[in-house]
Amino acid sequence: MTWIRVATLDSLESGACTDVEVAGKQLSLFRLGAAVYATQAHCPQDGSRLSDGQVIDDNVECMNSGSRYHIASGRVLSGPATEALKTYPTRAEGRDIFVQAGEVSADVERQWFRALEASAVSEGETVEVTVAGYPLLVYRLNGSFYTTSAICTHEFARLTDGWIEGETIECPLHQAVFHIPTGRVEEGPARTPLSCNPIEERDGDIWVSLPVVRMAKSTQGGSS
Ligand code: FES
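Every value quoted in this text rests on a predicted model; they were computed, and no experiment measured them.

Draft legend 1. The arrangement of the environment of Arg91 in detail. Within the element layout of this structure, Arg91 appears in strand β10 (residues 90-93). You can call Arg91 partly exposed: it has 14 C-beta atoms within 10 Å. For Arg91 and Ile4, which are 87 residues apart along the polypeptide, the C-alpha to C-alpha distance reads 9.7 Å. Setting aside residues up to four positions removed in sequence, Arg91 forms contacts with Trp3 and Phe98.

Draft legend 2. Layout of the sheet that holds strand β13 (residues 125-131). What the three strands build is an open sheet, ordered β13-β14-β15; its pairing is antiparallel. Single-partner strands in this sheet number two, and they are β13 and β15 (144-149). Ignoring strand direction, the axes of neighbouring strands in this sheet form an average angle of 30°. In this structure, β13 lies alongside strand β14 (residues 134-141), joined through seven bridges in antiparallel fashion. Bridging across to β14, Glu125 finds its partner in Arg140.

Draft legend 3. Focus on the pairing of β10. As paired elements, β10 and strand β11 (residues 96-100) share four bridges and run antiparallel to each other. Counterpart to Arg91 in the pairing with β11 is Phe98. The turn joining β10 and β11, which pair antiparallel and follow one another in sequence, is formed by two residues; a positive phi near 65° is taken by Gly94.

Draft legend 4. Highlighting unusual backbone geometry. Along the chain, Gly79 connects to Pro80 via a cis peptide bond; the corresponding omega equals 20°. Summarising the element assignment, Pro80 is placed in the loop between β8 (76-78) and β9 (87-88). Backbone torsion omega between Gly188 and Pro189 reads 15°, so that peptide bond is classified as cis. Residue position: Pro189 is located in the loop between β19 (185-187) and β20 (199-202). Of note, the phi angle at Asn142 is positive, near 50°, even though the residue is not glycine. In this fold, Asn142 is placed in the loop between β14 and β15. You will see that Asp203, though not glycine, has its phi angle at about 50°, which is positive.

Scoring rules and cut-offs
- Residues numbered from 1 in each chain as written.
- Predicted model: local features only at pLDDT ≥ 70, side-chain atom pairs only at ≥ 80, totals over all residues.
- Helix = DSSP H or I, 4+ residues; strand = E, 2+ residues; numbered from the N terminus.
- Buried ≥ 20, exposed ≤ 12 C-beta atoms within 10 Å, placed from the backbone.
- Contact = placed C-beta atoms within 7 Å.
- Pairing = 2+ DSSP bridges.
- Axes fitted to C-alpha atoms, helices over the stretch in contact; angles between N-to-C directions.

Bear in mind that shape data such as this cannot, by itself, settle questions of function.
As structure tokens, this is what we get:
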């Protein structure tokens, strides 16, 4: 699964909901105080956009069906809806908000970003960079460049502090081992592969292709 940067905390006021498209899925992103949550964008009862509804404390009310859902869990608080909202893992890192919404399909919109100078990465080593809000590791192994997420998929640990051996990197916290070129898990406890992205060297610079997210519309919630 890939963590995709979808917004910044500064772009979403507490009590607000905004629509984002992640990996081809329409999602609603809610901010409640310091916490951020992601759910499917439409009411399961009648298909209305949740961002057209109203955020009331920790729940959202669909403007058409009147159904109320608990934002964090997606469960129905009052009908007529009976089906819960799908929810998606979110993570804030610094001021950036990331969502994990499934595999990134090939047709997700991407953009190439310059990451750093190739000479900044020594053979057999890695350098952490933040590119378009994504914390990445850029590696040079046997003359080839690779990039993975800089954050372990098990719990929160920076792989920058891990150990590279051959084509693998070991997490410093619980020693999960990942294959750098593919991101696959070689040894647990992690079970989710690291995200990898296309990388190229152009005229002495390293460029990385990253998913970009379209912001659709936002609404400010109310309270009762
Ligand atoms: S945080 Fe990396 S293995 Fe647990």
